[in-house]
Number of protein chains: 2
Amino acid sequence: MTTEADWVAVDWGTSNLRAWGIGPGGDVVFSRMSDQGMSRLTPDAYPRVLGGLLAGDFAPTGPRIDVLICGMAGARQGWMEAPYLETPADLGALAAGAVAPAMPEARLSPRILPGMCQRLVGAEDVMRGEETQLLGLGTLWPGFSGVVCMPGTHSKWVQLAGRRVQRFATAMTGELFEVLRTHSVLRHSLGGQMQGPNRDEGFSAGLAAGIGAPQKLPVALFKVRAGSLLSGRTPDWCAGFLSGLLIGSEIGAQRDWIGEGEIAVVGDAGLGDLYAKGLGVAGGKARIVDGAEATLAGLKAARQQG
Amino acid sequence: MTTEADWVAVDWGTSNLRAWGIGPGGDVVFSRMSDQGMSRLTPDAYPRVLGGLLAGDFAPTGPRIDVLICGMAGARQGWMEAPYLETPADLGALAAGAVAPAMPEARLSPRILPGMCQRLVGAEDVMRGEETQLLGLGTLWPGFSGVVCMPGTHSKWVQLAGRRVQRFATAMTGELFEVLRTHSVLRHSLGGQMQGPNRDEGFSAGLAAGIGAPQKLPVALFKVRAGSLLSGRTPDWCAGFLSGLLIGSEIGAQRDWIGEGEIAVVGDAGLGDLYAKGLGVAGGKARIVDGAEATLAGLKAARQQG
């Protein structure tokens, strides 16, 4: 067994849960993954899941171990609600807004960081987890101010001035892709095949259509179906087109946020590349920051806050 | 038993099937409904379904009975493919494009009308069923030329000059509503409740948002979730907002089609009213034409073509 970690950083999302044991020097001494995301759990299940995930990493007795958690575990339907910070918000106040759910008979001492909300009328919005990545961005890209694009199931666009979140917006792009490819008539054109030699060409065509005329999305979606029925478009081309169209429409929707400054794209490498390409088509400059690294850096920074 | 019908008009869609027996004077002498739509059937099942639906309406022997069919029965994955007419297309050519699937050992003599396609690059599109309603519109609204809006699962917008279809476009609005309310995170905000005292207010708010900024659709969708989490929006309000947002975005997407002339809204009364309201907000004038009447009038007119 390795040296015990000093504390544990946890990203507890809707679908998954990831934990990193952090050693005395700030290095990761272990990492754990689980599919026990918020959507599968009732509040009383969290202590058991967390305890089980870390059972082999700590001796049964000893001093309490801090576990700092971000993400959906703090939602109303999660473990324990961590009330939102409101925009404009200071990321330096994250740790002060944490809540501490009970975890009796264990060495683990969990705290859950708050999410962030925006109550501006007509721009009401919420996030949970990305606020921690934004804090981490300050470590990974010191001095960054500007627009952050965080692609995913629910993409976030954020205007950040140092550690101050000025405003943000959520686009349901990833989820639109999933529900359309799984449940709509377009599934017949994709045929369950997501990769292939024509995927890139389809993606580029969809991207151009979405960025060029984002207001046409409800009509452009059906071009996937028409493309396979009339033009012999292959399933991989159609999958690429749908992905490009949705990402392009999102970027087109947010075009008024894209200025001269470099845009921080925080996400996994694959999706980050697609967004960087789209931002380039829209005239923006993008730099990709790994999403998991941003989360971990954010949890470390939040722990420094106390 | 009533007098035998002269012939049978059939609208065979994806989900349902509707048949009308037409008497010598053009009057409807019976009507039948079934849930045996195209999506449930393999090609060899159609004769049995049609025969079963009309079994009680005709004596087992006698002269052959014409059955004129429009809709998805003519799709590649339907009973027998009826090749598309191509835009610009003359609705007077519908009957000439019909195909006659075999139906041995029966008095019924079926023909399936063609759909319509548009091969214009970047505006590829298809319809099956609506072309027949467009032909019927010529009977129900003699002399009509202009824009036709046909709300539904896959809404159609058509530019019609008399009997000539100049161009058309499909918006996936109805299907987007279904997949989002059933499968996306927004289902938590709708809670399965589609009606209620706040539905109209939500619909108006969504309509204004969609028409005012159709390019914002990917971002505006999440306002449903944020509205319930932050502003205490009720499920019926959220359902209305989602419906209004999607219809408004569709109308906003098609705004360049809306001119001075009256727009023919062909659909059922409930959906037609919602679209007429939206078209009014966008500065258009709408007149509602019942969709089933248009189908029946179109099948009658197609039979006159031979």
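Just so you know, these numbers come straight off a predicted model, no measurement behind them. (Residues numbered from 1 in each chain as written. Chains lettered and ligands numbered in written order. Predicted model: local features only at pLDDT ≥ 70, side-chain atom pairs only at ≥ 80, totals over all residues. Heavy atoms only, no water.)

As for the overall build of chain A
Inference 1: Per the secondary structure count, chain A includes 10 helices and 14 strands.
Inference 2: Its C-alpha atoms put chain A at 70 × 40 × 35 Å along the principal axes.
Inference 3: In chain A, which comprises 306 residues, the proportion classed as buried is 56%.
Inference 4: A separation threshold of at least 6 residues defines the contact pool for chain A, and within that pool the share at least 24 residues apart is 67%.
Inference 5: On chain A, roughly 11,900 Å² of surface is accessible, and the fraction owed to carbon and sulfur atoms is 51%. (Helix = DSSP H or I, 4+ residues; strand = E, 2+ residues; numbered from the N terminus. Buried < 20%, exposed > 50% of the residue type's maximum accessible area, 1.4 Å probe, protein only. Contact = heavy atoms within 4.5 Å. Areas by Shrake-Rupley, 256 points an atom, 1.4 Å probe, with all protein chains shown as cover.)

Quick notes on the domain arrangement of chain A
All names here are of chain A.
Inference 1: For chain A, the assigned domains read domain 1 (1–116) and domain 2 (129–306).
Inference 2: Between domain 1 and domain 2, the C-alpha centre-to-centre distance is 28 Å.
Inference 3: With 28 residues of domain 1 at the contact, the number on the domain 2 side is 20 residues.
Inference 4: Across the domain 1-domain 2 interface, the total number found is two salt bridges.
Inference 5: Note that aspartate 66 is salt-bridged to arginine 303, the shortest N-O span being 3.3 Å. (Domains from an automatic or database assignment. Salt bridge = Lys/Arg side-chain N within 4 Å of Asp/Glu carboxyl O.)

What to know about the relation of the copies chain B and chain A
Inference 1: Mapping chain B onto chain A calls for a rotation angle of 180 degrees and an axial translation of 0.0 Å; the resulting RMSD is 0.0 Å. Taken together, the rotation and translation relating the two chain copies correspond to the operation of a two-fold axis. Identified as the residue of chain B closest to the rotation axis by C-alpha distance is glutamine 215 of chain B, at 1.8 Å.
Inference 2: Taken together, the interface assignments show that 100% of the residues at the interface of chain B recur at the interface of chain A, consistent with an identical surface on both copies. (Least-squares fit on C-alpha atoms with pLDDT ≥ 70 in both.)

With respect to the sheet that holds strand β3 (residues 28–34) of chain B
Residue and element names in this part refer to chain B.
Inference 1: Here five strands make up an open sheet; going across it, the order is β3-β2-β1-β4-β7 and the pairing mixed. Both outer strands of the open sheet, β3 and β7 (108–112), are each paired with one neighbouring strand and no more. Direction aside, neighbouring strands of the sheet carry axes that sit 20 degrees apart on average.
Inference 2: Note that strand β1 (residues 7–12) and strand β2 (residues 17–22) share six bridges and pair antiparallel. Within the sheet, the bridge partner assigned to valine 10 lies in β2 and is alanine 19.
Inference 3: Docked against the sheet, helix α10 (residues 291–304) engages β1, β2, β3 and β4 (65–71), running at close to 130 degrees with respect to β1. (Pairing = 2+ DSSP bridges. Axes fitted to C-alpha atoms, helices over the stretch in contact; angles between N-to-C directions.)

With respect to the confidence of the model for chain A
Inference 1: Averaged over all residues, the pLDDT of chain A equals 95, while 99% of them reach at least 70.
Inference 2: Interface confidence in the predicted complex, given as ipTM, is 0.93; pTM for the same model is 0.94. (pLDDT = per-residue confidence, 0-100.)

Points about the interface of chain B and chain A
Inference 1: In this complex, chain B contributes 46 residues to the contact, which on the side of chain A involves 46 residues.
Inference 2: In total, about 3,800 Å² of surface goes out of reach between chain B and chain A, with carbon and sulfur atoms giving 67% of it.
Inference 3: Summed over the shared surface of chain B and chain A, the result is four salt bridges.
Inference 4: Lysine 223 of chain A is paired through a salt bridge with aspartate 125 of chain B; the nearest N and O atoms lie 3.5 Å apart. (Buried area = accessible area lost by both parts, 1.4 Å probe.)

Observations concerning the sheet that holds strand β8 (residues 116–118) of chain B
Residues and elements named next belong to chain B.
Inference 1: Taken together, three strands build an open sheet; the order of strands is β5-β8-β9 and the sheet is mixed. Edge positions in the sheet fall to β5 (85–86) and β9 (125–127), since each of these pairs with one other strand and no more.
Inference 2: Taken together, the two bridges between β5 and β8 define a ladder with parallel strand orientation. Paired with leucine 85 across the bridge in β8 is methionine 116.

As for the side chain of glutamate 131 of chain A
Residues and elements named next belong to chain A.
Inference 1: With respect to the helices and strands, glutamate 131 occurs in helix α2 (residues 130–140).
Inference 2: Here glutamate 131 sits buried without a salt bridge, and the closest side chain of opposite charge, arginine 128, lies 6.8 Å off (N-O distance).
Inference 3: Filtering out sequence-adjacent residues up to four positions away, glutamate 131 remains in contact with Cys70, Leu91, Leu94, Pro114, Gly115 and Met116. (Lys, Arg positive; Asp, Glu negative; His and termini not counted.)

Regarding the nonpolar core
Across soluble globular proteins, nonpolar side chains show a tendency to be buried alongside one another.
Inference 1: One finds Leu221 and Leu242 of chain A together with Leu221 and Leu242 of chain B to be the most contacted residues of the largest nonpolar core, which totals 52 residues.
Inference 2: Listed by contribution, the elements that provide at least two residues to this core are α3 (173–183), α6 (217–220), α7 (222–230) and α8 (235–253) of chain A together with α3 (173–183), α6 (217–220), α7 (222–230) and α8 (235–253) of chain B.
Inference 3: With residues near it in sequence (within four places) discarded, leucine 242 of chain B still touches Phe177, Leu180, Arg181, Leu186, Leu190, Leu221 and Val224 of chain B. (Core = buried A, V, L, I, M, F, W, Y, C linked by side-chain atoms within 4.5 Å.)

Some remarks on the packing of helix α5 (residues 199–212) of chain B against helix α9 (residues 269–281) of chain B
Residue and element names in this part refer to chain B.
Inference 1: Running from N to C, α5 and α9 cross one another at 50 degrees; their axes reach a closest spacing of 10 Å. As summarised for this structure, α5 and α9 are arranged oblique, according to the angle between their axes. The element α5 and its partner α9 pack so that their crossing is right-handed. Within the contact between the two elements, α5 uses Phe203, Ser204, Leu207 and Ile211 and α9 uses Leu274, Lys277, Gly278 and Val281. (Parallel < 35°, antiparallel > 145°, perpendicular 65-115°, else oblique. Left-handed = near helix turned anticlockwise from the far one by under 90°.)

Some details on the packing of aromatic side chains
Inference 1: This structure, assessed with the given rule, holds 12 aromatic pairs over all chains.
Inference 2: Between the aromatic rings of phenylalanine 30 of chain A and phenylalanine 58 of chain A, the centroid separation amounts to 6.0 Å while the plane-to-plane angle is 75 degrees, which identifies the pairing as edge-to-face. Highlighted residues: phenylalanine 30 of chain A in strand β3 (residues 28–34) and phenylalanine 58 of chain A in the loop between α1 (46–53) and β4 (65–71), separated in sequence by 28 residues. There is no split in this pair, since phenylalanine 30 of chain A and phenylalanine 58 of chain A are both buried.
Inference 3: Centroid distance tryptophan 237 of chain B to phenylalanine 241 of chain B: 5.1 Å. Interplanar angle 15 degrees. Geometry classified as stacked. (Phe/Tyr/Trp six-rings, centres within 6.5 Å; stacked < 30°, edge-to-face > 60°.)

Looking at the pattern of salt bridges
Residue and element names in this part refer to chain A.
Inference 1: In total, this model carries 24 salt bridges over all chains according to the counting rule given.
Inference 2: Among the ionic pairs, arginine 107 bridges to glutamate 4, the shortest N-O distance being 3.2 Å. Residue arginine 107 is located in the loop between β6 (89–90) and β7 (108–112), and its partner glutamate 4 is located in the segment before β1 (7–12); the two are separated by 103 residues in the primary sequence.
Inference 3: Exposure remark for arginine 107: the relative accessible area of 9% places this residue in the buried category.
Inference 4: Taking relative accessible area as the criterion, glutamate 4 reaches 28% and is therefore assigned partly exposed.
Inference 5: Here glutamate 86 ties to arginine 119 by a salt bridge, and the two come within 3.0 Å at their closest N and O atoms. Linking glutamate 86 in strand β5 (residues 85–86) with arginine 119 in the loop between β8 (116–118) and β9 (125–127), this pair joins segments that are 33 residues apart in sequence.
Inference 6: Looking at glutamate 86, the relative accessible area reads 43%, which means it is partly exposed.

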